[in-house]
Amino acid sequence: MSEMNQLETPEVESKPKKRHMGIKTQRVISNTIIHILLVIMSVVWLVPFVCIVLQSFRVESTWQVGYIVPQKWGFDNYIALTKTDFFTWYLNTFIIAVFTALFQTIVVLCMSYTLSRFRFRGRKGLMRFMLIIGMFPGMLSMIILYRILADLHLTQGNAVPGLILVYVASSGMGYYVSKGFFDTIPKSLDEAARVDGATRMQVLFKIILPLAKPIVIYTILTAFMAPWADFVFARYISMNTSQGMNVAVGLYSWLNKDQIAGKYTTFCAGGVLVAIPVTVLFMFLQKYYVSGVTGGAVKG
Amino acid sequence: MTKYTELEYLKLSKWRKFLYKIACFFVGIPGWFVNLFKKIGSAFKDFGISVKDDFVDIFTTFKNGDYKTRLSFVIMGFGSIARGQILRGVLFLLFELVFIVYMIFWGGYWISMLPSLGTQGAIKEYDPIYDTYVTTYYDDSFKILLYGILTIFFIVAFLYTWRLNVKQNAIAEEILKSGKPLKGTKDDLKSLVDEQFHKTLLALPLTGILVFTVMPMIFMILVAFTNYSGEFDGKNNLFSWVGLENFNQMLGWSAGGVNYAATFGEVLAWTLIWAFFATFTNYFLGMLVAMMINKKGIRLKKVWRTILIVTIAVPQFISLLYVSKMFAQDGLVNGMLLDWGWIDKALPFWTDSTWARVMVIVINIWIGIPYLMLIATGILMNIPQDLYESAKIDGANAFQQYTKITLPYMLFVTGPYLLTSFISNMNNFNVIYLLTGGAPTNAAALSPGGSLGYTDLLITWLFKIAINDSKFYMASVIGILVFIVVSVISLIVYSLLPSTRNEEDFQ
Amino acid sequence: MKKTNLIAGALALTMAMGMFAGCKPTDDPNSSSAESGKPLAGNYATKIWVAEAAVEFTKGQIATYNSSNEDGIVIEATVEAVGEGEAATQMTTDVEAGADIFCFAQDQFARLVQAGALSQLGQAAGQIVSEANAAGVVAAAKSGDTLYAYPLTADNGYFMYYDKSVITDESHLKSMELLLADCEAAGKNFSFEVEGSAWYVASFFFATDCKSEWTTDEDGKFISVNDTYNSPEGLKAVKGLHTLVKSKAYNNSSAADAFAAAVPSAVLVSGTWAYNDILEILGENLGVAELPSFTVGEETFHLGSFSGCKLLGVKPQQDAKRSAALHKFAQYLTGEAAQIERFNTLSWGPSNLNAQKIDAVQANPALAALLAQSAYSIPQGQIHGTWWDIGKTIATGVKASDGTDAGLQAVLDTYKAAIEGLFTMSDEEKNAFTVIGSINGDTWTIDLPMTKVSEGVWKTTEAYALVENDEFKVRQGKSWDVAYGDNGQNYKVTTAGTYYIQLTIEGEVGTIELIPA
């Protein structure tokens, strides 16, 4: 940062004291302004969510209305959920999320660790190839993936294992963030262990993995969160079979024209129940998420 | 354009340096292409040479080999088994058997049907006994294409394995000649967790990518050259190859007939504008928020951060759908503004093209700032504090500190991230689909199926064409064009970026 | 080297799995009949898709059918809730995995036929359906002359709901302009989803006697269109549309909850399906009426509408016995008794002529409004799926236009171009001549092909039996831009016989001759 040199201004040093006082009042003012800004932002950020929560406790009507605070409060909408397939969807999503988190983490770690630590023929080419295919819009693939899964009988009612398979199988492409992390662990650690006679596998399990806790948690967290929000691909695969839907698909179906008037507040209640575990988990593991995205951004 | 010497260049102001760099880049483009073609040419040449070498190598292996080696040319793995490398040999042999059985019973059929994509569609017949119609299905173009591609994959894999098998024999013979012992099954297994550990680790992930990412991609590219659609669904009515017909229509090459070149240009322009604003508004505002929260003397840092993060944690289909309804013509926001008397006519948030375009960018800020805030927080903490200290001593004000230290540092580290985020914004399906579904409709645009909206990105347009109108062939033409646009942009930006991405730097 | 082996092995396994599953289906040969007299007796595993609201009702119907039918058919059904629009999308995606029997809205019909998702009705079934239902409804289930579905309801139209507390003067119900003024004065909305679908836009065009009639062949493929939107009458229609969309009360919605929105609606154009929800929202303030009229200059036009229906389809089956049994069941589900019961439980307006006559149906306010509107409604025939999207751009175009004649005309021109774009033809097709008219049992819908004999001479590929007073024209590229008849009039057959039709063009003049076969 050579520009620093240009900032020399001799007069500052001649009257340091007065200037200091100015800075202090200035800081108080600017901090107050920032606090006010942050409060405003927080309100803007939270209003929609507060609205959704309030709607979910509204009893007097089930459709969209023009006011926010319910006239009559109650758990009716949550009770109404029990009469739908909502909890089947919820369980489906939970199963998908757990298995995806487990297998996807293994796949991603395998990929990223290998690409970070090993130097083998074709490595650069492989990475470039994956970069290039990553640029192809994946949206269309779902038409083919549907047919492959249909041939394996993993659609409709069996969509849950089908979705896990697809999520996990294509997850190797997302190795970038954790490779960036592995790159930061000094190679000398591996070499020392290798000299001591450890095999490559032992190096991975005994030395690297314990150090990689943040990135492992980051990977699990992102893999666990994604299935809760997938409504395009999951809708295509479940083909309207309630048994195979995830929460996103199920809830989304309540917003179509025939159902919205009767199911709107129930949708809000379902939304709240979906958001709670994901949000809570996210809040707890925020630290790791930050380290993950920061690492990913820095390494690109 | 004047060329500067290195010394002259260093004397230039920052701004000039930047302009100079860009100018250099564009002047360099023709050369770059010449280079590219040269590279491609030499790659072909290298490939040709290596193929030739391979054939020579195979031939000499056969000529010089013993009977074990020679027999392995037909019975894969024979040499390995005969020399005591049981595991390798058995795997080779098994693979060969599976391949032969597969090709005889299934593969041959799929490959032979590939050029025609099927000859007989479904047939409907009247059954007089039951007074009803029955349908009999014959060929299925979709399956022919799908399993045809897989069979080609399989054949390539087989050829590669066969080549390996030959090489194995040559190596084994050489080792035996030099008097050393061959590696046995036990050694093979052991090396899988040691020297060859990367192969063990990559096997599954790469298979997954091959079958579930690469194969669909190839399929989709091929669909652009067929007429696969709701009308020619492949089973009821077979689809067939149509050559470049679809590209003619999309790009307006064919004179006279319907073409969508203008519409494509329009959507592409908006997609780029959207991606630009979505990326940079989030980037700068996110950074600003991070700096605000991290500033000395700001209380409850964690609380602010946590509140903002809610938009990341709550699934978008809930939050965005709700926001979209809030801003509807008769939604909460308009209702309140009317009640308060601030407006006397509902604001056209989603119904006017300009409003809608601005709105999606603004709401994207709501969704996107938290990510950038997290990233920026992490990076800001890495900036050495003494830089700021000395800047302060030098009397730099907050704004100067920002432009001279924070911003350059951030840009320097996050350059590649900006690129990836620009590209993912180009393909940002969720925000557009959930907020507007592409609305308001663009009455003047000519689209190959259904309508096109002012906020439609290429990706949502493609989705509409494929899912709502079942014109898969047109959707995959757009897919290919998106791919080309994205890779050109990446190429340009990558060559502009300072080369900060040397992998080995960090280790 | 091990890696390759492993990958190859895994690949082989994955592929083998896929391939085994992907091998060609074998025909099912067993279709032996059971005990004599009841050839259809047996258990049938059946997947049924109906709208969410009808799931319980349908389950009840299945139970009744199983216990009462005389054929010994037992339907073992899984009933799934699938929206009527969604059903068509899913069926076209994967017919194999789709439902055996499914309910869908009429506008999806052609798309389903084209995708091979509907099986043709047997002769007996076809006869019963044609006799029991109104002609317009039967036409909706036909592609070409072939019946492909069972009419289920005949209430798929729209009319007007209003809030009596806002629209106090009943005389205003006759005029769109007065209603808009009332809404504006009260700060309420006038909801009419003209930007959402051509279905609603059509209301204005039907008012001025414009039409958009489409013809399908028996495979569901669209072969021609007769569209008069782009005409002086059409211009009047868009002027009316302009009055609506430029009003500050205009809101683009047809959903019941528009009456409860933050800016509530006082008028909503929607259909019978919204009745119960709106009744719950508005209570005794609910008013139901036929659509109003709009005024352009001196003329007044009563808003028109579509009258459509819901249909029940049976997926093509590979086994004749099963096919026959499922058709029997579908026939039951759409029969008179089932329709009456469906009306009693779900208030769905019947399509069956006898069921329409019962008192309860006649007394239902929503159906009564639909009936009042029916004088101005047009039966919704087969319409190209993309038209719904193209048509709605008229409303957005009008909204964005400056309202001058030229601006509005430009909107119609764009619409025309889009419609023509639907029939993309090769140059060969564009130059080819065809014969069209009230000949060969047709009524100006089917183009009979001609082949070029020599430069400027075209002759029909086949000979046709022509009857005296048959009328026809010869046209180029299936459009009327270049067409020949008898001095601008239709060519009239004077002597019956079997003829080839031949056209000879010399400069601007085309001469038609009948050449006896």
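Residues numbered from 1 in each chain as written. Chains lettered and ligands numbered in written order. Predicted model: local features only at pLDDT ≥ 70, side-chain atom pairs only at ≥ 80, totals over all residues. Heavy atoms only, no water.

### Looking at the side chain of histidine 198 of chain B
Within the element layout of this structure, histidine 198 of chain B appears in helix H8 (residues 197-223). Taking the relative accessible area as the measure of exposure, histidine 198 of chain B reaches 9% and is therefore buried. (Helix = DSSP H or I, 4+ residues; strand = E, 2+ residues; numbered from the N terminus. Buried < 20%, exposed > 50% of the residue type's maximum accessible area, 1.4 Å probe, protein only.)

### Considerations on the packing of helix H5 (residues 86-113) of chain B against helix H6 (residues 141-177) of chain B
When two helices pack together, their arrangement is given by the angle between their axes and by how far apart the axes lie. All names here are of chain B. With their axes 9 Å apart at the nearest point, H5 and H6 run at an angle of 150° to one another. Overall, the two elements H5 and H6 adopt an arrangement that is roughly antiparallel. Considering the relative orientation of H5 and H6, their crossing is left-handed. Each residue belonging to the contact of H5 with H6 can be placed in one class, and the counts come to 17 nonpolar, six polar and three charged. (Axes fitted to C-alpha atoms, helices over the stretch in contact; angles between N-to-C directions. Parallel < 35°, antiparallel > 145°, perpendicular 65-115°, else oblique. Left-handed = near helix turned anticlockwise from the far one by under 90°. Nonpolar A, V, L, I, M, F, W, Y, C, P; charged D, E, K, R; others polar.)

### A closer look at the interface of chain B and chain A
Contacts between the two partners involve 107 residues from chain B, matched on the other side by 112 residues from chain A. Here chain B packs against chain A, burying approximately 9700 Å² in sum over the two surfaces, 76% of which is carbon and sulfur. Our enumeration of links across chain B and chain A arrives at two salt bridges. For the salt bridge of aspartate 140 of chain B with arginine 147 of chain A, the shortest nitrogen-to-oxygen distance reads 3.2 Å. At the boundary of chain B and chain A, one finds 11 residue pairs in polar contact (both at pLDDT 80 or more). Looking at the side of chain B that touches chain A, the element that brings in the most residues is H8 of chain B, giving 18 residues. Across the side of chain B that touches chain A, the residue classes tally to 74 nonpolar, 18 polar and 15 charged. (Contact = heavy atoms within 4.5 Å. Buried area = accessible area lost by both parts, 1.4 Å probe. Salt bridge = Lys/Arg side-chain N within 4 Å of Asp/Glu carboxyl O. Polar contact = N/O pair within 3.5 Å; in protein donor to acceptor, adjacent residues only side chain to side chain.)

### Structural notes on the environment of tryptophan 228 of chain A
For tryptophan 228 of chain A, the location among the structural elements is in helix H11 (residues 213-229). Remark: the alpha-carbon pair of tryptophan 228 of chain A and valine 280 of chain A, spanning 52 residues in sequence, is separated by 14 Å. Apart from the residues lying within four places of it in its own chain, the contact partners of tryptophan 228 of chain A are Tyr90, Thr93, Phe94, Ala97, Val247, Ala248, Val274 and Val278 of chain A together with Pro315 and Phe317 of chain B.

### A few points about the sheet that holds strand E7 (residues 159-163) of chain C
Residue and element names in this part refer to chain C. Strand order in the open sheet made by the five strands is E11-E8-E12-E7-E13, with mixed pairing throughout. Among the strands making up the open sheet, the edge pair consists of strand E11 (250-251) and strand E13 (286-289). With two bridges connecting them, strand E8 (residues 189-191) and E11 associate as parallel partners. Bridge pairing links phenylalanine 190 to tyrosine 250 in E11. (Pairing = 2+ DSSP bridges.)

### A few points about the confidence of the model for chain C
Chain-level statistics for chain C give a pLDDT mean of 85 and a share of 91% at 70 or above. Counting interchain partners and residues more than four positions distant, the pLDDT-below-50 stretch residues 1-35 of chain C has 60 contacts. (pLDDT = per-residue confidence, 0-100.)

### Topic: the domain arrangement of chain C
Residues and elements named next belong to chain C. Partitioning chain C into structural domains gives domain 1 (42-154 + 308-378), domain 2 (157-305 + 382-420) and domain 3 (427-516). Using C-alpha coordinates to define each centre, domain 1 is positioned 28 Å away from domain 2. Listed by partner, the interface residues are 26 residues for domain 1 and 26 residues for domain 2. Taken together, both faces of the contact between domain 1 and domain 2 bury some 1900 Å²; the carbon and sulfur share is 54%. Scanning the region where domain 1 abuts domain 2 turns up zero salt bridges. The interface formed by domain 1 and domain 2 contains 15 residue pairs in polar contact (both at pLDDT 80 or more). Contributions of two or more residues to the side of domain 1 that touches domain 2 are made by helix H4 (109-114), helix H6 (135-140), strand E4 (142-143), helix H15 (365-373) and strand E17 (377-379). The element best represented in the side of domain 1 that touches domain 2 is H15, accounting for seven residues. (Domains from an automatic or database assignment.)

### Overview of a nonpolar patch on the surface
All names here are of chain B. A cluster of nonpolar side chains, contributed by Trp32, Phe33, Leu36, Phe37, Ile40, Phe44 and Leu491, occupies part of the molecular surface with about 680 Å² of accessible area. Turning to its location among the elements, tryptophan 32 is positioned in helix H2 (residues 14-64). Relative accessible area serves as the criterion here: at 35%, tryptophan 32 is assigned to the partly exposed category. (Patch = residues over 30% accessible without salt bridge, like charges linked within 9 Å, V, L, I, M, F, W, Y side chains within 5 Å. Areas by Shrake-Rupley, 256 points an atom, 1.4 Å probe, with all protein chains shown as cover.)

### Notes on the interface of chain C and chain B
Listed by partner, the interface residues are 69 residues for chain C and 70 residues for chain B. Note on chain C versus chain B: buried area summed over both sides is about 5900 Å², and carbon and sulfur give 62% of it. Counting across the chain C and chain B interface gives two salt bridges. Ionic pairing is found between glutamate 96 of chain C and lysine 235 of chain B, a salt bridge with its closest N-O pair at 3.0 Å. Counting every contact that joins chain C to chain B gives 16 residue pairs in polar contact (both at pLDDT 80 or more). Going through the elements one at a time, helix H1 (2-22), H4, helix H5 (123-132), E11, helix H11 (320-333), helix H16 (387-400) and helix H17 (405-422) of chain C are the ones with two or more residues in the side of chain C that touches chain B. The element best represented in the side of chain C that touches chain B is H1 of chain C, accounting for 16 residues.

### Some remarks on a positive patch on the surface
Residues Lys24 and Arg27 of chain A together with Lys296 and Lys392 of chain B make up a contiguous surface patch of positive charge. Positionally, arginine 27 of chain A belongs in helix H2 (residues 16-56). Taking the relative accessible area as the measure of exposure, arginine 27 of chain A reaches 37% and is therefore partly exposed. (Lys, Arg positive; Asp, Glu negative; His and termini not counted. Charge placed at Lys NZ, Arg CZ, Asp CG, Glu CD.)

### Digging into the packing of helix H14 (residues 353-382) of chain B against helix H16 (residues 398-426) of chain B
Residues and elements named next belong to chain B. Running from amino to carboxyl end, H14 crosses H16 at an angle of 145°, the nearest separation of the two axes being 11 Å. Between H14 and H16 the crossing geometry is right-handed. In contact with Asn364, Leu372, Ile375, Ala376, Ile379, Leu380 and Asn382 of H14, H16 contributes Thr406, Tyr409, Met410, Val413, Thr414, Tyr417 and Asn425. A class-by-class count of the residues in the contact of H14 with H16 yields nine nonpolar, five polar and no charged.

### Some points on H5 of chain C
All names here are of chain C. Here H5 has its buried residues at Ala125, Gly126 and Val129. Projected down its long axis, H5 shows its buried positions confined to an angular sector of 100°, all on one face. Opposite the buried face of H5, at more than 90 degrees from it, the exposed residues are Gln123 and Glu131. Where H5 is buried, its residues touch H6, strand E5 (146-147), strand E6 (150-157) and H11. (Arc of directions from axis to C-beta.)

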